[in-house]
Amino acid sequence: MKKTLRPCRNGEHGLFIEHLKAMKYSWRTQRLATYCLDDFDAYLKKRKIDNHNQVKKQLILDYLQQLRDRGLKEVSIEIFFRPVKLFFDYLEKKQQIFVNPAQDIHIKVPVKMPSVLSEEVIRKLLNAPDIGRPKGVRDRAFIELAYSTGMRREELVRLSLTDVNMQEASVRVLGKGEKERILPIGKSAIYWLKEYIDKARVILLEESENKALWVKRGGGRINYECVQALINLLDNAIKYTKR
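So, here's what we can say about the structure.

What counts as what
Residues numbered from 1 in each chain as written. Predicted model: local features only at pLDDT ≥ 70, side-chain atom pairs only at ≥ 80, totals over all residues. Heavy atoms only, no water. Helix = DSSP H or I, 4+ residues; strand = E, 2+ residues; numbered from the N terminus. Axes fitted to C-alpha atoms, helices over the stretch in contact; angles between N-to-C directions. Parallel < 35°, antiparallel > 145°, perpendicular 65-115°, else oblique. Left-handed = near helix turned anticlockwise from the far one by under 90°. Contact = heavy atoms within 4.5 Å. Expected span 1.5 Å × (residues − 1). Buried < 20%, exposed > 50% of the residue type's maximum accessible area, 1.4 Å probe, protein only. Arc of directions from axis to C-beta. Core = buried A, V, L, I, M, F, W, Y, C linked by side-chain atoms within 4.5 Å.

### Description of unusual backbone geometry
Note: most peptide bonds trans; most residues except glycine with negative phi. If you check the backbone angles, Ala169 has positive phi at about 50° while not being a glycine. Position of Ala169 among the secondary structure elements: in the loop between β1 (164-165) and β2 (170-174). The phi torsion at Glu206 lies on the positive side, around 55°, for a residue other than glycine. Structurally, Glu206 can be placed in the loop between α8 (187-205) and α9 (224-242).

The following block contains the structure:
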């Protein structure tokens with residue numbers, strides 16, 4: 001049975017959801033974005049805001065505080081904020097807003113990790129993906145690059161193919177405030193990046209010409225849903241090691 005989405009209450013939000021569909025985001029991601037954007041739209045209506053050019057950074061910060069007042073934890077607030085940020089990024093690229101009010105807003109989600117990872121745990125983490133499948137090779141390269149450079153999740157997801165320089169063993173990263181920095185890449189990460197780019201990525205792309213470094217089946221850029229699935233895989237690997 002074909003899954004259908006209820007339309008967004010706001011027409012501009014609806015066009016954005018259509019954009020996500022065209023970019024091959026999953027149905028689940030589209031549904032979540034619809035729900036979160038409807039919640040944000042309800043807040044805007046209470047503040048009598050009917051034009052997205054009227055939305056300022058402080059208004060979004062007030063909305064996030066309102067989510068906290070409703071009892072949501074930072075991890076849930078980050079989920080609510082993610083579609084809002086993507087929506088304003090979309091409007092900025094379409095030149096429909098003058099200033100992106102969500103650009104410099106970041107939700108700090110506490111991550112529970114062991115203070116020191118043993119050699120066994122590190123080995124389990126690196127070997128968690130199934131490298132017999134293109135997706136597994138991609139995930140292994142993703143973990144290796146993250147481990148080698150210490151890049152944040154958002155920075156990893158946003159990488160384009162041209163950001164990686166194999167000859168110089170480096171990666172160009174756009175961080176907070178669009179500040180650019182160059183990070184060195186270790187030998188193991190370089191090896192798995194080559195394996196991914198030369199063999200697995202072309203399979204995942206199918207007929208797409210997407211320039212994103214990390215792609216999923218069909219050629220779309222991976223989203224936070226894909227990364228969360230990988231995090232869950234790694235979390236299970238750590239739990240298994242502790243038994």
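Right, picking up where we left off after that structure.
### Some details on the packing of helix α6 (residues 134-149) against α8
At a closest axis distance of 8 Å, the pairing of α6 and α8 adopts a crossing angle of 150°. When the axes of α6 and α8 are compared, the pair comes out roughly antiparallel. Between α6 and α8 lies a crossing whose hand is left-handed. Counting all contacts with α6, which are made through Pro134, Lys135, Val137, Arg138, Arg140, Ala141, Glu144, Leu145 and Ser148, the residues of α8 involved are Ser188, Ala189, Trp192, Leu193, Glu195, Tyr196, Ala200, Ile203 and Leu204.

### Some points on helix α1 (residues 11-22)
Within an α-helix, residues lying three or four positions from one another point in the same direction, as the helix has 3.6 residues per turn. With twelve residues, α1 extends 17 Å between its outermost C-alpha atoms, agreeing within 8% with the 16 Å of an ideal straight helix rising 1.5 Å per residue. Residues of α1 that are buried: His13, Phe16, Ile17 and Leu20. Along the long axis of α1, the arc covered by the buried residues comes to 100°, so they all point the same way. Opposite the packed face of α1, turned more than 90 degrees from it, sit the exposed residues Gly11, Leu15 and Ala22. Check the buried side of α1 and you find it contacts α2 (27-46) and α4 (74-93). Positive phi appears at Lys24, one or two residues downstream of α1, with a value of about 65°.

### Some remarks on the nonpolar core
With 33 residues, the main nonpolar core has Leu145, Met151, Leu159, Val171, Ile185, Tyr196 and Trp214 as its most contacted residues. Broken down by secondary-structure element, the contributors of at least two residues to this core are α6, α7 (153-157), β2, α8 and α9. Sort the elements by how many residues they give to this core and α8 lands first, with nine residues. Excluding anything up to four places from it in sequence, Leu159 contacts Leu145, Met151, Val171, Arg172, Ala212, Leu213, Trp214 and Arg221. Among the nonpolar cores identified, the runner-up in size contains 29 residues, and Ile17, Leu44, Ile60 and Tyr63 belong to it.

These figures capture arrangement, not role.
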